[in-house]
Amino acid sequence: MSTRDSSEIIELLQRRLHSLNDLHLTLKHIHWNVVGPHFIAVHEMLDPQVEQVRSMTDDLAERISTLGGVPQGTPGALVADRTWDDYSIGRAEAIEHLGALDIVYTRLIEDHRAAMEATETSDPVTQDMLIEQLRGLELFQWFVRAHLESSGGRLSTADARTEHTAADQAADQARRQP
């Protein structure tokens, strides 16, 4: 692998590391702030996601080191480098958090998929790791979406672009269902 390819992959992996560190903190925030009749189901669903996401960050950091980089895992580095806003929902009903979390997963999966595609020819080892992580992230989004889909197959957050819109749409659909 060329030095240039290695440097580009390290930068790409650092952005993924920041995204997954942010996801870990977001999942814990939701875990602590979810309320309502589905509290325990969502509360307990999130812990395995947190653990697997933490494992993904470790894999990314180790790959950065393997390629000769220095993984940056501090909160200051994450905040300085991120290109997205902080998660915007506080204490809320489970369905509202799940609606917002669907948006978080969609964006994160899109970015992870782009990183996977960018490493196809230059670093198939990194690509393989990203593919495996995508498998887990997409599974978690499926778990979230199972709460957001009507029996007719309509995803309440299908046209939402913001966390608040998704939270509102999820809550509206839940109120209309028996």
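For the structure, see preceding data.
Presented here is a report on the structure given in the accompanying data block. Owing to the predicted nature of the structure, the values given are computational and were not obtained by experimental measurement. (Residues numbered from 1 in each chain as written. Predicted model: local features only at pLDDT ≥ 70, side-chain atom pairs only at ≥ 80, totals over all residues. Heavy atoms only, no water.)

**Concerning the nonpolar core**
- The biggest cluster of nonpolar side chains holds 45 residues, and the ones touching the most others in it are Leu 13, Leu 20, Leu 23, Leu 27, Leu 101, Tyr 105 and Leu 137.
- Elements with a contribution of two residues or more to this core: helix H1 (3-33), helix H2 (39-66), helix H4 (94-118), helix H5 (124-146) and helix H6 (163-176).
- Of the residues forming this core, the biggest block, 11 residues, is contributed by H4.
- Residues in contact with Leu 20, not counting those within four places in the same chain, are Val 53, Met 56, Thr 57, Leu 60, Leu 108, His 112, Gln 133 and Leu 137. (Core = buried A, V, L, I, M, F, W, Y, C linked by side-chain atoms within 4.5 Å. Buried < 20%, exposed > 50% of the residue type's maximum accessible area, 1.4 Å probe, protein only. Helix = DSSP H or I, 4+ residues; strand = E, 2+ residues; numbered from the N terminus. Contact = heavy atoms within 4.5 Å.)

**What to know about the side chain of Thr 126**
- Within the secondary structure layout, Thr 126 lies in helix H5.
- A polar side-chain atom of Thr 126 sits 2.8 Å from a polar atom in the side chain of Arg 63.
- Setting aside anything within four residues of it in sequence, one finds Thr 126 in contact with Ile 9, Leu 13, Arg 63, Leu 67 and Thr 119. (Polar contact = N/O pair within 3.5 Å; in protein donor to acceptor, adjacent residues only side chain to side chain.)

**Points about the packing of H4 against H5**
- One way to put it is that H4 packs onto H5 with a least axis distance of 10 Å and a crossing angle of 160°. Taken together, the axes of H4 and H5 are roughly antiparallel relative to one another. Between H4 and H5 the crossing geometry is left-handed. Contacts between H4 and H5 pair Leu 98, Leu 101, Asp 102, Tyr 105, Thr 106, Leu 108, Ile 109, His 112, Arg 113, Ala 115 and Met 116 from the former with Gln 127, Leu 130, Ile 131, Gln 133, Leu 134, Leu 137, Glu 138, Phe 140, Gln 141, Val 144 and Arg 145 from the latter.
- By residue class, the composition of the contact of H4 with H5 is 13 nonpolar, 5 polar and 4 charged. (Axes fitted to C-alpha atoms, helices over the stretch in contact; angles between N-to-C directions. Parallel < 35°, antiparallel > 145°, perpendicular 65-115°, else oblique. Left-handed = near helix turned anticlockwise from the far one by under 90°. Nonpolar A, V, L, I, M, F, W, Y, C, P; charged D, E, K, R; others polar.)

**A short note on the packing of aromatic side chains**
- Scanning the model with the defined rule gives 2 aromatic pairs in all.
- Residues Trp 142 and Phe 143 carry aromatic rings whose centres are separated by 5.7 Å and whose planes lie at 40° to one another, so their mutual orientation is tilted.
- Grouped by ring-pair contacts, the aromatic residues Phe 140, Trp 142 and Phe 143 constitute a single cluster. (Phe/Tyr/Trp six-rings, centres within 6.5 Å; stacked < 30°, edge-to-face > 60°.)

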